[in-house]
Every structure is written in C-alpha cells, then in structure tokens.
Number of protein chains: 2
Amino acid sequence: MPGAAPARALPAREEADPAMTSASDRPHSYAAAGVDLDAREATAARFGAIAQRTHGPRVLTPPGAFAGLFRLGAGYRDPVIVGTTDGVGTKVLLHAALGTLRLAGHDAVHNNVNDLITTGAEPLFFLDYIATNALPQEARVEVVEGIAQACDALGIALLGGETADMPDLYRAGDFDLAGFAVGVVERDALIDGSTIAAGDALIALPSNGLMTNGYSLVRAIWGLGKGRGLAHDRAALETRYAELGGTLGEALVAAHPSFWEALRPLRPRLHGIAHITGGGIPGNLPRILPAALGARLDRGSWTAPPLFELIRRTGNVPEREMWRTFNMGVGAIVAVAAADAGAVLAALPGAWRIGEAVARAADEPAVRGLEGDR
Amino acid sequence: MPGAAPARALPAREEADPAMTSASDRPHSYAAAGVDLDAREATAARFGAIAQRTHGPRVLTPPGAFAGLFRLGAGYRDPVIVGTTDGVGTKVLLHAALGTLRLAGHDAVHNNVNDLITTGAEPLFFLDYIATNALPQEARVEVVEGIAQACDALGIALLGGETADMPDLYRAGDFDLAGFAVGVVERDALIDGSTIAAGDALIALPSNGLMTNGYSLVRAIWGLGKGRGLAHDRAALETRYAELGGTLGEALVAAHPSFWEALRPLRPRLHGIAHITGGGIPGNLPRILPAALGARLDRGSWTAPPLFELIRRTGNVPEREMWRTFNMGVGAIVAVAAADAGAVLAALPGAWRIGEAVARAADEPAVRGLEGDR
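Residues numbered from 1 in each chain as written. Chains lettered and ligands numbered in written order. Predicted model: local features only at pLDDT ≥ 70, side-chain atom pairs only at ≥ 80, totals over all residues. Heavy atoms only, no water.

Scanning chain A from terminus to terminus reveals 12 helices and 14 strands. Counting all 374 residues of chain A, 66% fall into the buried class. Carbon together with sulfur atoms contributes 53% to the accessible area of chain A, which is approximately 11,800 Å² in total. (Helix = DSSP H or I, 4+ residues; strand = E, 2+ residues; numbered from the N terminus. Buried < 20%, exposed > 50% of the residue type's maximum accessible area, 1.4 Å probe, protein only. Areas by Shrake-Rupley, 256 points an atom, 1.4 Å probe, with all protein chains shown as cover.)

Here it is as structure tokens:
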C-alpha cells in the first residue's frame, strides 16, 4: 500500500501504485496530488477484516504476503486445478448509477464460479481486480463487502485482490470489476460433455434477469451510461413497468445467480453443464456438445421473462439478436441421461426439461428450436 | 464468443458480450452497431493458436470449455495453491502510445509471477483480463502474443483469458490489462520471512526501470496520457537523454523483469523474498520481516539508475516521495543466512549485498539507511 506502512490486513491485496492517483500536472508528490493515504490505509484495513471472514483453516496467507496461500492438502488422488477469469462488464455502470455496489461484487463471484463449476470442480478461492479513477473509499468497501458476502455464501475464500487507481484511464468515479476463481476436481470426476449421448435430457435452470451479459445493448436502448448525467440515467432506471412488477433498474441490477449450491450434489449425474453467458443459448450450449450431437430445444417449454420482451420491444431488437445476446430466462443447461431426468428435475426447483441431445449431421445447426421456428 | 460459432480455439478465453460493442444509441443489433463479428472470431482463433504454444501435457482443457484445466497430479505431499492478481497500471497508456503492446503482456505476466514466487511457489499457469473500448484486433493479438511469450519463457501455461469490450467505460482505443497467476508449493517449502534472523544478509536484485509502478507520477511530470494527443505524447517519449543512452520512452516501457529463473534454484536457501513494487523499498521490504526485526540498508552499496534522477529533477519530486514511489533500481530483495550470502551472490549476476536484518524496537522504523541520511 502506497507510501504507507506495510501493515496490510488483507493478505495479497495490492493497493496499486500510490503515485497513480496523481491527477494534476504541477505537483509531483502524493500529498500535493491530493491523495489521501490515510483513507487508503483505513480502507485496506477494512478490506482485510472483510476478507478474513471468508478464511477457513485452509487459508495460510501470512500478513503482508505478496500472494494468497490456500492449502490444497493431500486428500486428492489426481487433482486438476481449474481457473477462470471474467468481469462484470458494463453492468458496473448501472450498479454505480443505482449504488448497488454489493450486487456488483455478487456478480463478479457468481459469474466466475458458474464458469468454474461447469467442469465439475469444487470452487476454492476467489481474487478480485478493481480498477478505478477516484471511486470513493466507502464505495470500494461496498464492492469488496459484496464479493466477500458471495464468497462466504459459497464457502470459498476471498484470497486476495488488487485495487488499482488509474487516473486518465477511467472517468472520475467509474470503475471496472473483474475476478478470478480457482477450484479443484479429481481427474476422473471431470465434467466436459464428452459423455453426452443422443437422447440425453437437457434441463434448464432459470436465470433471474440478464445475469452479466447484454448490458451494452440495453444501455444503448435506454441511453444509459452515455454521459447524459446521473439524473437522466436514474430517471430511466427508476421507471416502473407493470410487466416487471417494479422498476427497470431493479430488474437490470439483479445479481448474477449462483448455480453451485443447486448443482453440487448432482455432479455425479451430470454429463455436461453449459453456463448461458455472452452469445446466449446458441453461443454456449454447443460448447459442451460432442461434435456429432446437436440440441433440439422445445421453445414452448418456457416463457422468457417479461424483461426480455420489454427489451425487444423498446429496442426493436431483431429476434435473432435477442437469442444471441441474452439468456432469455435460461441461466444454465445441464445434460443428463434420460432416465435421470426426473430425479434431477426434482432436485432443481424452477428447472424444466428444455429439450434433448440428438444426432446431427455436420451441416446441421448445433441448436434447433429457438428463434425463427416458433 | 458473441453470436459466432462456439469454435473458440482458446479454451476458457471468453470474448465477452458481443452486445457490449454497441456504441450507438439508435441501432439495436450488433451489425447496426458496427461490430465486426468475423474479425472477433478470427482474433479468437489466433488467441487459441497462441495460447496453445504454452500448453504442455498438464493442460487438460477441452475445446469450448468455460474454464481452464491444469493437472496438478499426485506428486505432491501437502500442496499449497498460491494465487495472485495484479495489473500493469497506467503503464498501458505508454505502451499504447509507443505501440509496445507485447511488452505490456510481459509486464502482466512478470509482475504477477514475481509476487507469486515470493512464497517459494513454482508458477503453473496464468490467465489474462483485457478490457477495452475498440482496441484494434491486431493490437489485441500483440498483447496476447506478449503474454504468451512471457509464459512460454517461464514454462507456464496461458490457461485462459477474457477480452471484454466495454464501450463508455474506456476511451476509444484505450485498454486495461490485468492478470492472474497460480502456482504450487509444498507446505514445508513455503517461504514467508518467518525464518529471517538478525544478521541475515539482504541481497538486492537489480530492476531495469520502473517495472510497473510510479507511472501516473511520471505521466504527470511529462504530461503523458493526459489527452494532449498522440503527437505530444510521442514527442515527449521520443526525446533522447544522454544519461539514459536513449529515449525517455525506451526507458519507461522496458518490461517488468522476471526474477523466477534467477531465484528458482536458490529457494531452499532463501528466508524471505520481497518484490519491490508500489511503495518502494520502505513499503515492501518490511512485509517479509518478522515483527522484531528491521532492515539496515547501505545506501552507498548502489547508485540508482539515471532514470530515477531524471524523474526527480524534472518533476522536482521530494526525495522521500521518490523512495516511496519507485524501486530506485532494486527489483527484489532476498534474505539469506550471512554464511550463504557469498554463494547466493555468486549465483545472481548483478545482485549486491544491500544490507542486513537487525533487531529493532517497536518504535524504530522497519527500514533504515534510505532517504534523509545519506
């Protein structure tokens, strides 16, 4: 931590480059540049206390360490380490406008952990990367609080993080948030879609909104985060829509849900797990399908939540764009043997049978039954 | 990858949110927003080929996977997984101005790996996070090429990454670059400074410039990255200084060096490793010292490279600020038993004995011998 004593309470959290907060051209010292080192130090101490709450006995990081330490231990036969990285995208602009910074933290954790668990892995720890220009200290704490809440709920450790002050790269008050998750899986328990067979049932888990994808399209439609001022953005976000049963903003900032708790006990039965992120169902479901298989989906098996129809109508978005941008109410799709479908559905409240895996020729599309043939 | 076939050649690299590249307010589809999906797809394929070069037999990621898989294997007794995250800071603005994008990739890898290896860990893999507004596809490839070059040289895998297109959050053409590194160390081989004793020798490894810290201060001094235009910035960066033996830009964009190759074989002898990043020697060396110890440094044991004196003079930066912002020529400091100092020095070309660990009272500073008492 910049120019301050090395008593960083959050091991492995780097408070990047004190000098980076120098915003003026004249004064060439921190103090003259208006950097409140005391505030940064106090924030770092709070980060430490927050992260500590997520640390079980497997976290071995000593105070001041340059990296986070997590004891894997000897209990694995042939462990495979799984790593993911992903950001929250420009959804951060909406969180900033509405002050829902904790939800931004949930987004970062869940988005990464959902990717991670598609492999069958158990998530172990998370690290965050926050880059900003002059995000208030209190707001930074809110973001990290949200991250820690989400980690805590999942039983994973917030092992470290980086807060980078980057004047000139961001507008004052803006921030970017990305994360990094690590997990472990026994090699013989890997889930990679290779065991999916024709006839397997495809079971959909519901999303609760856009999760973290499609926000720049939505922002374009409503003119959000385009420099029209906070008043404009808030007015648009605070508009109530009957079909949403609330405001646009409430619907848009809903946190990316976690599928770990629901899928964890089912892993031995799952042949494949697709996380429906950027690219929608057609962009993500084929990622788990063997080359000779496709997915035949039953478009009548669910109704996309009203938020998607509101977006389509307001933005006059072509149907095909909708399906390739948004999850359309489907947060994840798992493949299971047809004989297991009933038991898996019973264990997943809100889930439904969305279709099945079918043989397909090389010239056939990987996903059939979505747009265009309702 | 957005709206494109799921044939992503780089496993676990997410091409975030196609819709995010919608920059206009009117058109609400990718095509109308001018997003070149073909170009993105071609870039993703190139990323895949580039990353593949770093993949040994331990990388198990199947095509299309949502996460990267690295086989740890059964060869460890009590493995501890080590994780770090760090960015390149606003040094990216200088790399962008000079087109030294590969060096930005080296920076991201070396900055993280140096943090990682302070624990005694062996680095295993790296993931990158690139966030941008309209960085040209060719430039993205350069950044990832640099990352892969650095990974390859270190023998680690580029396991995945995320390229996030984030209009409105960045100025067109700007980008941010962060990374995540994971390594492993046997629990009984952890290096954490706890074995440092009074009388231990402190040995400095030379830096080759600012590494990745202090750039916003330097940019303030020369007015770089402040929106004065590329011509202004380039003219300043292309100014030759006799004492540098070259241009200011050449000196400033030198890649963060890696200390892994040099320190790897010495690990059994090292009591502590400090990576001299933001906060300089006074901010980082104490991080590895036990509470009852301090460092007595010999300021006469080295001369800070001319770049630092040029910065101090041009910016009229107070001496104390210099030491707390910049590494002043010291990239890392290791602590070893006095009896091992000769052998360790012999194995580290360019290194020197910078001081020693000494007993200290609670009211004494952790580091003595730097600014103010030359």
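Glancing now at the interface of chain B and chain A. If you look at the interface, chain B gives 104 residues, while chain A gives 104 residues. Counting each side, the surface lost to burial between chain B and chain A is near 8,000 Å², with a carbon and sulfur contribution of 57%. Run the count over chain B and chain A and you get 6 salt bridges. Here A:Asp78 makes a salt bridge to B:Arg71, at a shortest N to O gap of 2.7 Å. At the junction of chain B with chain A, the criterion picks out 27 residue pairs in polar contact (both at pLDDT 80 or more). Per-element tally for the side of chain B that touches chain A: the top contributor is strand 3 (residues 79-87) of chain B, with 9 residues. Partitioned by chemical class, the residues of the side of chain B that touches chain A number 49 nonpolar, 32 polar and 23 charged. The pairing of strand 2 (residues 68-71) of chain A with strand 3 of chain B spans 4 bridges and is antiparallel. Residue pairing for strand 3 of chain B: A:Leu69 is matched across the bridge by B:Val82. (Contact = heavy atoms within 4.5 Å. Buried area = accessible area lost by both parts, 1.4 Å probe. Salt bridge = Lys/Arg side-chain N within 4 Å of Asp/Glu carboxyl O. Polar contact = N/O pair within 3.5 Å; in protein donor to acceptor, adjacent residues only side chain to side chain. Nonpolar A, V, L, I, M, F, W, Y, C, P; charged D, E, K, R; others polar. Pairing = 2+ DSSP bridges.)

If you want to describe how two helices pack, look at the angle between their axes and the distance between the axes. Residue and element names in this part refer to chain B. It is at 7 Å that the axes of helix 3 (residues 101-117) and helix 4 (residues 137-154) come closest, and there the two elements cross at 40 degrees. Comparing the axis directions of helix 3 and helix 4 gives the class oblique. The way helix 3 lies across helix 4 gives a crossing that is right-handed. When helix 3 is examined against helix 4, the residues Leu101, Arg102, Gly105, His106, Val109, His110 and Val113 are found in contact with a partner set consisting of Ala139, Glu142, Val143, Glu145, Gly146, Ile147, Gln149, Ala150, Cys151 and Leu154. Each residue belonging to the contact of helix 3 with helix 4 can be placed in one class, and the counts come to 9 nonpolar, 5 polar and 3 charged. (Axes fitted to C-alpha atoms, helices over the stretch in contact; angles between N-to-C directions. Parallel < 35°, antiparallel > 145°, perpendicular 65-115°, else oblique. Left-handed = near helix turned anticlockwise from the far one by under 90°.)

Before going further, it helps to spend a moment on the relation of the copies chain B and chain A. Once chain B is rotated about the relating axis by 180 degrees and shifted along it by 0.0 Å, it coincides with chain A to within an RMSD of 0.0 Å. In symmetry terms, the pair is related by a two-fold rotation axis. Proximity to the rotation axis, assessed at the C-alpha, singles out B:Tyr170 in chain B; its C-alpha lies 3.1 Å from the axis. Residue by residue, 99% of the interface of chain B is reproduced at the interface of chain A, so both copies engage with the same surface. (Least-squares fit on C-alpha atoms with pLDDT ≥ 70 in both.)

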